[in-house]
Amino acid sequence: MTAGPAMATAGPVAAPGRPVRAWTAAYDIRLALPLGAFFLVFFLAPLALLLLVSFYADPGMTRFGLDQYARFLLDPFSLRVLGATLWLGVEVTALTLLLGLPLALLLTWAPGRLRGLLTLIVLLPLLTSVVVRTFAWIVILGRQGIVNAALLGLGLTDTPLKLLYTEGGLVLALAQVQMPLMVLPLVTALSRIDPNLADASAALGAGAWRTFLRVTLPLCLPGIVAGCLLTFAAAITAFITQSLIGGGQMLFMPMYLYQQASSLNNWPFAAAIAIVFLVAVLACVTLLNLVGRLSRGYAQA
Amino acid sequence: MRTSLRRDFDWFSFHGTVLLLAGLCLVLLAAPTVIVVVVSFTNGFSLRFPPPGYSLRWYAALAEAEQLQAAAWNSLVVAGWATLLSVVLGTAAALAIARSRRLSARLLDSLFLSPLVLPALAFGLAALMLFSLAGIPVSPLTLILGHTVVCVPFVVRTTVAALSQMDPVLLESSTSLGASRLYTFRRVTLPLIRPGILAGGFIAFMASFDNVPVSLFLRDAATDMLPIRMWQDLEGRLDVTVAAASSLLILVTVVLAVVMERAAGLSRRMAG
């Protein structure tokens, strides 16, 4: 490890007169070199190559051209896949926010012991294998699954409903899989709010709903944005859940990319799909980040 | 009187709504896990819930499922190496960029965290292109390198957070008492950020163990990975052995999570 000596000799030793400044940049920036080099070779270089390959005009990769992008952007089918993927992300994010915010509120109200238990329940999906979590939904939504058993038992339906391989089922499963990504930032944001503010609002005569809408909600906007960002990005790239719960009829960007790359061996088109997807994700993330920055200013004002 | 009634209604309707939705959310979060565990003890051949009867037969079947065992071993080895690399590279990088307002540090911070938001499948394809261009055949080594890229952000994030929460006064006093920088690092900084590194390493390990998108592109035909094996088993036929394997994974994860929560305050650090 090269880190040791670099650290020992780096920078001036804090003199009594100006210690704080010396310590704000406590360690040598060169300590980032190993990971920087690693990322250059194994992260940035592959992405640059991906970009390059996407500009090949033919699957044989003999000449350059914008053909792959034209093929994607002029093809209604491809555009529908992109649209469906982004819309799926919006639906999942909306559902996780609707259910996650109340749970985050409950977590901040709960006393110590209960809070620990609730936190464990929130963390559980994040730590459980994605395949396992998705598998559970197959058991729940399948023809012999619990939902159908309950509906049949209650006489609400005569034949088992098709729940698996539907968009509703997929949104529900993804909401469970990504819920922790929404709840954890919300809890952080909510616990930073000064409880005196809610008390003051109540003392001034505002009811619980009004206090929530006018005080709590605006103050935890940065947490909401952070949660939405993580959930959205995770939901649209959740390859396993999309393919197992969505089934063959619903095609989303990750599976589209994988099919082109592995079964059809069309690397340039797969690369173009990947680049379009990357740009779409980055655009959404940047947009949400911008909203987040604005809301943070608002929350502090 | 009427205003007080309205206030009561307001209070109850708000707290009732929150409780109802939070309760729904808790059921949504916990039910799938509970159901998988219950189903894994079935004595039947299907994933029917509730099971017709209970037995340990699928756990016994697990002991003979050699494919699953081999895949689990491969996943463990790759996750172990990827975690080791992530912790070493990530901690050094976090020391360099935390608490620094320099532009280069901010840029590196964004770079090191960017694999978290980029679709891993796109990165997997890109890495495969690089390795095939360089004439390196896919192998457990390429898997480890690819996994490290997507796992290192977790270590960087938690370690940077731990470093920025550290009180600089502690470092000042250590130095003013005559300690060398290396000694200060070993005896003051490292113990203070150890929970952060530990939590990051744990999350990195779980992320690698569970990774499918990168593994799909970077593994060779001989290297079967557990999540891919289970995924393919599930796409083919719904085998109860997968439920038993899943329950074992859940058990191990819960135990590890509780240990990590005690040792490193995992939940606080995951909130980022």
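All figures in this text were calculated on a predicted structure; none of them were measured in a lab.

Section: the overall build of chain B
Now for step 1: When you go through chain B residue by residue, the secondary structure sums to twelve helices and zero strands.
Now for step 2: Reading the helices (α) and strands (β) of chain B from amino to carboxyl end gives α-α-α-α-α-α-α-α-α-α-α-α.
Now for step 3: Here the C-alpha atoms of chain B give a radius of gyration of 24 Å, more than 25% beyond the 19 Å that 2.2 N^0.38 yields for 272 residues.
Now for step 4: A principal-axis box enclosing the C-alpha atoms of chain B has dimensions of 80 × 70 × 35 Å.
Now for step 5: Expressed as a percentage of the 272 residues in chain B, the buried residues total 50%.

Observations concerning the UniProt feature "transmembrane region" (unreviewed entry) in chain B
All names here are of chain B.
Now for step 1: The positions that UniProt labels "transmembrane region" (unreviewed entry) are, in the present scheme, residues 12–41, 78–98, 110–131, 137–156, 196–218 and 238–260.
Now for step 2: Its end C-alpha atoms 28 Å apart, residues 78–98 is made of 95% helix and 0% strand.
Now for step 3: For the annotated span residues 110–131, helix accounts for 73% and strand for 0% of the residues, and the straight-line distance between the end C-alpha atoms is 25 Å.

Side note on the UniProt feature "transmembrane region" (unreviewed entry) in chain A
All names here are of chain A.
Now for step 1: According to UniProt, the feature "transmembrane region" (unreviewed entry) maps to residues 31–57, 77–110, 117–143, 163–187, 219–247 and 267–291 in the numbering used here.
Now for step 2: Taken end to end, residues 77–110 has its terminal C-alpha atoms 49 Å apart, with 97% of it in helix and 0% in strand.
Now for step 3: The span residues 219–247 is 86% helix and 0% strand, and its two end C-alpha atoms sit 40 Å from each other.

Let's talk about the nonpolar core
Now for step 1: Leu50, Leu257 and Ile273 of chain A together with Ala93 and Leu125 of chain B are the most contacted members of the largest nonpolar core, which has 177 residues in total.
Now for step 2: If you tally residues by element for this core, the top one is helix H3 (residues 66–97) of chain B, at 15 residues.
Now for step 3: Filtering out sequence-adjacent residues up to four positions away, Leu50 of chain A remains in contact with Ala271, Ala274 and Ile275 of chain A together with Ala122, Leu125, Ala126 and Met129 of chain B.

Quick look at the interface of chain B and chain A
How big an interface is tends to be stated in terms of accessible area lost as the parts join.
Now for step 1: Every contact between the two is made by 86 residues of chain B and, on the other side, 90 residues of chain A.
Now for step 2: Here the side of chain B that touches chain A gets 20 residues from one element, more than from any other, and that element is helix H1 (residues 2–40) of chain B.
Now for step 3: For the side of chain B that touches chain A, a count of residues per class yields 65 nonpolar, twelve polar and nine charged.

Focus: the environment of Gly265 of chain B
Now for step 1: Structurally, Gly265 of chain B can be placed in the loop between helix H11 (240–264) and helix H12 (266–270).
Now for step 2: Along the primary structure Gly265 of chain B and Pro195 of chain B are separated by 70 residues, whereas in three dimensions their C-alpha atoms are 7.4 Å apart.

What counts as what
- Residues numbered from 1 in each chain as written.
- Chains lettered and ligands numbered in written order.
- Predicted model: local features only at pLDDT ≥ 70, side-chain atom pairs only at ≥ 80, totals over all residues.
- Helix = DSSP H or I, 4+ residues; strand = E, 2+ residues; numbered from the N terminus.
- Rg over C-alpha atoms; globule rule 2.2 N^0.38 Å.
- Buried ≥ 20, exposed ≤ 12 C-beta atoms within 10 Å, placed from the backbone.
- UniProt positions renumbered as here; feature names shortened; annotations may be inferred.
- Core = buried A, V, L, I, M, F, W, Y, C linked by C-beta atoms within 7 Å.
- Contact = placed C-beta atoms within 7 Å.
- Nonpolar A, V, L, I, M, F, W, Y, C, P; charged D, E, K, R; others polar.

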